[in-house]
Structures are given as C-alpha cells and as structure tokens.
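Structural description and commentary
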Amino acid sequence: MAWLQLRNISFSYGGANILEDISLQITPGERIGLMGRNGAGKSTLMKLIHGELKPDAGEIERGPNLRIARLAQEVPAGEEHTVFDEVADGLGDQGRLVARIHALTQLLQHGESAEQHAELDRLQHTVDSETGWKIQHQIETVIERMGLNPEARFESLSSGMKRRVLLARALAGNPEVLLLDEPTNHLDVESISWLEDFLLRESITLVFITHDRMFLQRLATRIVEVERARLFDWTCDYKTFLARKTAALEAEAQQEALFDKKLAEEEVWIRKGIKARNVRNQGRVRALEKLREERRARKTQTGNVNLTLQTAERSGNLVIDAKGINHDFGGRPILRDVNTTIFRGDKVGILGPNGAGKTTLLRILLGELTPDSGTIRIGTNLQVAYFDQLRAVLDESKSAIENVTEGGDSVTINGQPRHIVGYLQDFLFSGERARSLVRYLSGGERNRLLLAKLFTKPSNILVLDEPTNDLDAETLELLEELLMEYPGTLLIVSHDRAFLNNVVTSTLVFEGDGQVKDYAGGYDDWVRQKQAVEAQVQATAVKSEPARSKPEKAKKLSFKDQRELETLPQLIEKLETEQADLHQKMADPAFYQQAGAEIAKLTNDLEVIHQRLQTAYARWEELES
C-alpha cells in the first residue's frame, strides 16, 4: 500500500511547466534516488512531496497522519543556540518549550536566579509533565544515536557536523518518510560512510537527491529520473539504471529517426499539391497535421555541457618537490614532516577530514604560503588555474556574463574569439540565465559558471578544490573525461570517491596528527593499501608477542562459550548460503520488475545478513584464539 501518491501533477514558477502531468507513488521501505540534470525539477518535486509547494494541477494524497521530514541542501550559518535547541526545534512548539526548560535547568545548576526560577516554574506548568518527559527523552535519544554533544554551540560546528545536527532534527519527530537534498555536500569521506551505514541501519523510507554515485549505488533501491518535465521510473539500483537508460535512449533515438523520416516524406508529398487536394486523400492530410503537432510537442533531451580546456605551454618535468614540511595553525599541528614530489602529468588527489588542512597544503605546494619549516621547490613555467570550492572568485552583484568576460562581449578560446553568450551556452546557460545576476543562480549553475570562467585561462597545472558539489551525473562524467585527457598536472581536493577513482593516479591522504601519506591510485586503491598495511602491522605485532613475554595460558572456555563455538560454523554456513541466494536473486534482471517494497525488503535483508556474518566471523575468531 502506498504511503504517498502524486496524481497528474503539474507545476511551474510562472513560465513553462517544470513538471507536467506526472504521477508517483512511494511505498514503505523504499529508498528512492531522485536523478536529473541541474534545474530539471528534483528539488521542486521534493518540496511538493513535503508540502512546501502546492501543485498547479493534480492532487497529492498522503496517508493519514503521515510524518514527513526534509533535510534541505543549504546548511545555515547558525544562531546562538545549542545542539539540543536545534534538534528540539524539529518537534515544533512543544519541542521548543522543552528546549527552554532544558536550558533553564542547565543554567540553574551554575547559580541561583529568581527570574529564571520563576520562568522555569511557569514553563513546567505549561507543559504536561509526562508529555514533557517523553519529548525530552525523544530528543536525547536521537542526539545519542547521532553521536552529538547536546551542549555544543551549533554556530561553532563544522559544515559536516551541522549537517549531522540537521539530520538529527529531521529524525526527532520519528518521520516515516525522510527527504534528503544533497546530504553528502560538505561532508568528508568518513562522515559520508557513517551516514550511509546509519541510513541502512535505520531502514527508513527515503527519497534523496545526490551527486555522489557511490552513495547512490549503496542506498537506492529505485531510481526516479526527472527529465523534460516528466518522470521516468526505474525499479533497480544505480548501475542497472545506467545500463537500462542507455538502451532506452538508443531505442528512443531510433523511434524519433523513423518518425522524422516519415514526417519528411509526408511534407514532400503535401507540396505536390494536386494529389493532396483530392477528397480521397484528406485523411492523409489530417494525419500529416497530427504528425506536425506531435513533432512540435516533442521535448528534446537537454544537451550536455561542452567542456574544453585551454592548455598552456608545457611546464618543466618537475612541478613540485616538497621536503620535510611542517606547519602549525593556531598552535595546532596541521602538517608534520610532509614529503612529496609531483611531476608533469601527475593527477594527484588530496583526501582528508574537514578541517584537516587540505587547502593549507595546497597553498604551500603552490608557493602561496610559507611553511614553518621544510623546503618547497617549484618547477619552471607553471601556469596555474584554480577552482575554489567557496566560489569566492564569483561576484554575486554581477551577471554570469560579466563574471566570465570582466568587460567585453567575447572570450578567446584556444586562439579563437567566441561570443560570450555562445560560449556560456556550452555550459547550458540560456541567454536569459547568462544575463542573470550570480546571486540568483543555483549551486549547480554556479559550479558550471566557475568552470566556464576557469577554462578561459590557459594552464598547465589545474587545481580543483571540491569541484563536484552540485554537479549532475552527466556533467560529472564529462568533466572526468576531460580531466583524464588533460596533458598538464592536476591537484584535486575531493570527497567524491567515484570521481577520485576515475581521475587521479595518486592520493595524498591526511591520517591524523599532521601526517600526510602518499598512495598510488584513487580512493579504492588507498583503502586496499591501507588495509594491507594494517594487516601487516597486526601480523608483525602477533609474531613479536612471544619474544616480549611468555605466552599466556589459554583461558578455558566455559560450557556456554564451548557450545557457542561448536554452533558458529553452522550459523556462518547458513548465513553464507542465504547471502549467496540473495545475490543470485538480485543478479536476475527480473528481480527489479517486482514491487519497490519487495526490492527494499530483500536489499535490507542482505545488509542485515552481511552485518550478522561480520559479527559471527569476529566472535568465532575470538573464541578460537
């Protein structure tokens, strides 16, 4: 049974329809990934589901007392309040009252105040004691689940921690449907992995928008694509969706080619004139009019961004040589004994937690900041182009055109002048959007504008600081192809695991206490190498243990532990068999033709079996040793 149903919905902001006669139903347990180009209407659809917007036509039917929560894309700067206050705000007026009671209770623990005592007494009489206790317990439970400090000041938190608090706020009301708009933006890799695990554990019904393809692959049990004001529903995971969409686009292109051929033949026939006026051929004339009408109504697919990089004269073979770099910030060690050598053509990813010092490392490597100690040798003939994650180089008071040209109406690309409007059309800006002030552009449009500005400058070293935020999947793939073919040197700060896998040839990873280590390959290569090193360290420690001390006498297992050890192999075998059966079912293309709820259930079952297997393996190893 559907929890929520959209029937024949149309919506516009005063111009052409963003969504036209669409229908959608959401059933319990589904995890729906919303996909589509920037500006296609994904966030608009989410706001319609949430009830923030009302449709121009059609109806939205929600289950009785259905609880829906939405985590917006924007992270607020924050006001003067605590994490407890922010989470409580998700429960409305009652939550805010309980938050004030909580704050007054905290204050009175540190000193007496007649006014505060009076306010506390008044508020405690306002809220029913049992209701107040339940609400407080609800708030404290979700804060604990999210690993948050209730008394921390919200405005002092990093963007990643603020997003975690906002998720706690959305979860405080125990929503049955959770809407997430770009939940991984501004999160580091560790936080993204935590969020994935958390959402899988909670088994909550999700509708989410993300540019993170690995996040999408791990979570989505169904893909809903917003394109050309319509919805295309794919009951499958992300990888299967890509294969099916490619086949569907090829079939659509063939059908349109046949249609256009027939229309062209009929247009030639009508121009002959005399035969068309024959009464017996009036049906054919009417059929031609219908063909013309269908062609006018056809909405063509949105074009792709046309990316072209300008390359400068080649740099020297050595680009950057850093030895023994140390740097502190505010008394905190950021970099400790960092060594790296970068040659022409290297594509280097920089990976680490938020606030670790990635941008500081970039500035030192480029010679913009002098380290506290160590040496930096910069190669010859470097021409640097820099993509700033904060988009600080964009002037919000100027139009998109003015930001790129800085005066004039043309740009020079690879020695050839181009009119600025035509150039920006390559980045999917219409003439109207190209003349809009930057402050009115979406996050995706700003990123594309920054790329357009960046690519007007010849370079042989390209520095990209979080370039993937807000970009749609198609633009991301084109950017990846462009960067892979770029003959110069790349330095890329990114938390997009798929992007790093596809582009970089080596990775500099922040590993705590200012340590930065160099690994070959992308994100997955780093994970494998790190696991191998950790396993080797553990094996070495085990081998060296007898040399340091006498081996401890093996502890005799209790009867209960002995029985558990005897039954664990059978349990593991049973779980492995169930896991293999589920993998076989999900490998069958017919699996994704089932109802969404059934797919979601089996996907959750697979995740639960995986967790139980890991626990069983660990327990078996523990008892065996």
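Reading the values: rules and limits
Residues numbered from 1 in each chain as written. Predicted model: local features only at pLDDT ≥ 70, side-chain atom pairs only at ≥ 80, totals over all residues. Heavy atoms only, no water. Helix = DSSP H or I, 4+ residues; strand = E, 2+ residues; numbered from the N terminus. Buried < 20%, exposed > 50% of the residue type's maximum accessible area, 1.4 Å probe, protein only. Areas by Shrake-Rupley, 256 points an atom, 1.4 Å probe, with all protein chains shown as cover. Contact = heavy atoms within 4.5 Å. Core = buried A, V, L, I, M, F, W, Y, C linked by side-chain atoms within 4.5 Å. Axes fitted to C-alpha atoms, helices over the stretch in contact; angles between N-to-C directions. Left-handed = near helix turned anticlockwise from the far one by under 90°. Nonpolar A, V, L, I, M, F, W, Y, C, P; charged D, E, K, R; others polar. Salt bridge = Lys/Arg side-chain N within 4 Å of Asp/Glu carboxyl O. Polar contact = N/O pair within 3.5 Å; in protein donor to acceptor, adjacent residues only side chain to side chain. Expected span 1.5 Å × (residues − 1).

This next bit is on the overall build of the chain. A count of helical and extended segments in the chain gives 20 helices and 20 strands. Taken across its 625 residues, the chain has 44% of its residues classed as buried. Roughly 32400 Å² of accessible area belongs to the chain as shown, and the carbon and sulfur atoms make up 50% of that amount.

All right, on to the environment of Leu 424 then. Assignment of secondary structure puts Leu 424 in helix α13 (residues 420-425). On the accessibility criterion, Leu 424 (0% relative accessible area) is buried. In sequence terms Leu 424 and Ile 401 are 23 residues apart; their C-alpha atoms lie 7.9 Å from each other. Excluding anything up to four places from it in sequence, Leu 424 contacts Ala 400, Ile 401, Val 404, Phe 429, Ala 434, Leu 449 and Ala 452.

Take the nonpolar core next. Membership of the largest hydrophobic core comes to 45 residues, with the highest contact counts inside it found for Val 87, Leu 167, Leu 178 and Leu 199. The element contributing the most residues to this core is helix α6 (residues 159-171), with six residues. If we ignore the near neighbours within four places in the chain, the residues touching Leu 178 are Ala 69, Leu 167, Ala 170, Leu 171, Leu 199, Ile 204, Thr 205, Leu 206 and Val 207. In this structure, Leu 394, Val 404, Val 421 and Leu 449 belong to the second largest nonpolar core, which totals 44 residues.

Let's shift gears to the packing of helix α3 (residues 92-108) against helix α4 (residues 114-126). Contact pair α3 / α4: the axes reach a minimum separation of 10 Å and the direction vectors enclose 145°. You can see that α3 and α4 cross each other, and the crossing is left-handed. Touching Leu 97, Arg 100, Ile 101, Leu 104, Thr 105, Leu 107 and Leu 108 of α3 are Gln 116, His 117, Glu 119, Leu 120, Leu 123, Gln 124 and Thr 126, all from α4. Across the contact of α3 with α4, the residue classes break down as seven nonpolar, five polar and two charged.

As a further point, take the pattern of salt bridges. This model, assessed by the stated rule, comprises 29 salt bridges. Residue Arg 213 is joined to Asp 496 by a salt bridge in which the shortest nitrogen-to-oxygen separation is 3.9 Å. Separated by 283 residues along the polypeptide, Arg 213 in helix α8 (residues 213-219) and Asp 496 in the loop between β18 (489-493) and α17 (497-503) bring together distant segments of the chain. Residues Arg 213 and Asp 496 agree in their burial class; the two are buried. One salt bridge in this structure joins Asp 233 and Arg 222, with 2.6 Å as the shortest N-O distance. Here Asp 233, found in strand β9 (residues 230-234), pairs with Arg 222, found in strand β8 (residues 222-227); they are eleven residues apart in sequence, far enough to count as distant. Taking relative accessible area as the criterion, Asp 233 reaches 42% and is therefore assigned partly exposed. For Arg 222, a relative accessible area of 6% corresponds to the buried category.

Turning our eyes to something else, we now look at the environment of Glu 511. Position of Glu 511 relative to the elements: it lies in the loop between β19 (506-510) and β20 (516-520). When the C-alpha positions of Glu 511 and Gly 352 are compared, they lie 7.2 Å apart, and in sequence the two are 159 residues distant. Setting aside residues no more than four positions away along its own chain, Glu 511 makes contact with Lys 517, Tyr 519 and Trp 526. In terms of polar contacts, Glu 511 uses its side chain to reach the side chain of Tyr 519, at 2.7 Å.

For helix α7 (residues 189-202), spanning 14 residues, the distance from its first C-alpha to its last is 20 Å, which sits close to the expected 20 Å at 1.5 Å a residue. Along α7, the residues that are buried comprise Val 189, Ser 191, Ile 192, Leu 195, Glu 196, Phe 198, Leu 199 and Leu 200.

Shape is all these values report; function is a separate question.
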